[in-house]
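Here are the chains, one letter per residue:
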Amino acid sequence: AIHRGLADPRTGEFSPDTIHHLIPGRVAVPGSIDVLDVGCGYGSTCIELHKMLAGRWHGITISRRQARFAMQSATALVLRSALTFARTSFDAPLPRPFNLMCGIESLIHSPAPSGTIRNLVRSLVPGGQFIIVDDMPVDDVPANFAHDLERFKALWAQDLKRTSLPDSKRFR
């Protein structure tokens, strides 16, 4: 995984794989899942969470190299029918509807987060779930970074306010 290390609240272990242990307990989609991994990178989230949740997974990345590597990994693990990967923009039309989406450390790279989220949720089925995990410190930050953090939060909030998503699809 390329994810940032996180402390597992149950074990205290600090690992980049912690996020893969936290997400399954938060999935609230009835029935079989059909997942879009926004910013899938090399495919580790799709592979690891498929082991835990099964279902069908489609990962998108802007990197041709990452998409190729992810597909090679899925093929080597005999998961090719359950996992697919594509090189595309987060703002491009999606191939099908999904009942679960996850974006881990990916939406922060969007130049216009609300437009990106609006595009993605167009393919989220009614009652679907979108799990977003992005850099947002919750602990006190050093004083020299406090202004940067407040500016970051303000820009995200400002951009999300401009979105025209109905309340039922707005993410808080």
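Residues numbered from 1 in each chain as written. Predicted model: local features only at pLDDT ≥ 70, side-chain atom pairs only at ≥ 80, totals over all residues. Heavy atoms only, no water.

**A closer look at the confidence of the model for the chain**
Inference 1: For the chain, per-residue confidence averages 81 on the pLDDT scale, and 80% of positions sit at 70 or higher.
Inference 2: Per-residue pLDDT, averaged within each element of the chain, yields its smallest value for helix H5 (residues 143-161) (66) and its largest for strand S3 (residues 34-38) (96).
Inference 3: Below a pLDDT of 50 lies the segment residues 162-172, which in the model reaches 16 contacts outside its immediate sequence neighbourhood of four places, other chains included. (pLDDT = per-residue confidence, 0-100. Helix = DSSP H or I, 4+ residues; strand = E, 2+ residues; numbered from the N terminus. Contact = heavy atoms within 4.5 Å.)

**Some points on the nonpolar core**
Inference 1: Among the nonpolar cores identified, the biggest contains 22 residues, and Ile 23, Val 27, Ile 33, Trp 57, Leu 83, Phe 85 and Leu 100 are the most heavily contacted of them.
Inference 2: Only helix H2 (44-53), helix H3 (64-76), strand S5 (83-87) and strand S6 (98-104) provide two or more residues apiece to this core.
Inference 3: One finds Ile 60, Ile 117, Leu 120 and Phe 130 within the second-largest nonpolar core, a separate group that totals 13 residues. (Core = buried A, V, L, I, M, F, W, Y, C linked by side-chain atoms within 4.5 Å. Buried < 20%, exposed > 50% of the residue type's maximum accessible area, 1.4 Å probe, protein only.)

**With respect to helix H4 (residues 113-121)**
Inference 1: Of all the 9 residues making up H4, 7 are buried; the element is thus mostly covered by neighbouring parts of the structure.
Inference 2: Turning to H4, its buried residues are Pro 113, Ser 114, Thr 116, Ile 117, Asn 119, Leu 120 and Val 121.

**A word on the environment of Ser 123**
Inference 1: Its location among the elements puts Ser 123 in the loop between H4 and strand S7 (124-133).
Inference 2: Separated by 25 residues in the primary sequence, Ser 123 and Phe 98 place their C-alpha atoms 6.0 Å from one another.
Inference 3: Contacts of Ser 123, omitting those with residues within four sequence positions, involve Leu 94, Arg 96, Pro 97, Phe 98 and Met 101.

**Quick notes on unusual backbone geometry**
Inference 1: Of note in the backbone geometry, Ala 54 takes a positive phi value of approximately 60° without being a glycine.
Inference 2: Residue position: Ala 54 is located in the loop between H2 and strand S4 (56-61).

**Topic: the state of the cysteines**
Inference 1: In this structure the tally under the stated criterion is 0 disulfides.
Inference 2: Of all cysteine sulfurs, the one in Cys 40 lies closest to Cys 46, which takes part in no disulfide; the gap is 5.7 Å.
Inference 3: Considering cysteine sulfurs only, Cys 46 is the nearest to Cys 102, which forms no disulfide, with 6.6 Å between them.
Inference 4: Its relative accessible area of 3% is what places Cys 102 among the buried residues. (Disulfide = S-S within 2.5 Å.)

**Regarding the pattern of salt bridges**
Inference 1: Per the counting criterion, the structure on display carries 3 salt bridges.
Inference 2: The residue Arg 56 makes a salt bridge to Asp 34 at a minimum N-O spacing of 2.9 Å. Of this pair, Arg 56 sits in strand S4 while Asp 34 sits in strand S3, placing them 22 residues apart in sequence.
Inference 3: Among the ionic pairs, Lys 51 bridges to Glu 48, the shortest N-O distance being 3.1 Å. In this pair, Lys 51 and Glu 48 both sit in helix H2, 3 residues apart, roughly one turn of the helix.
Inference 4: A residue is classified by how much of its surface remains accessible, and Glu 48, at 28% relative accessible area, is partly exposed. (Salt bridge = Lys/Arg side-chain N within 4 Å of Asp/Glu carboxyl O.)

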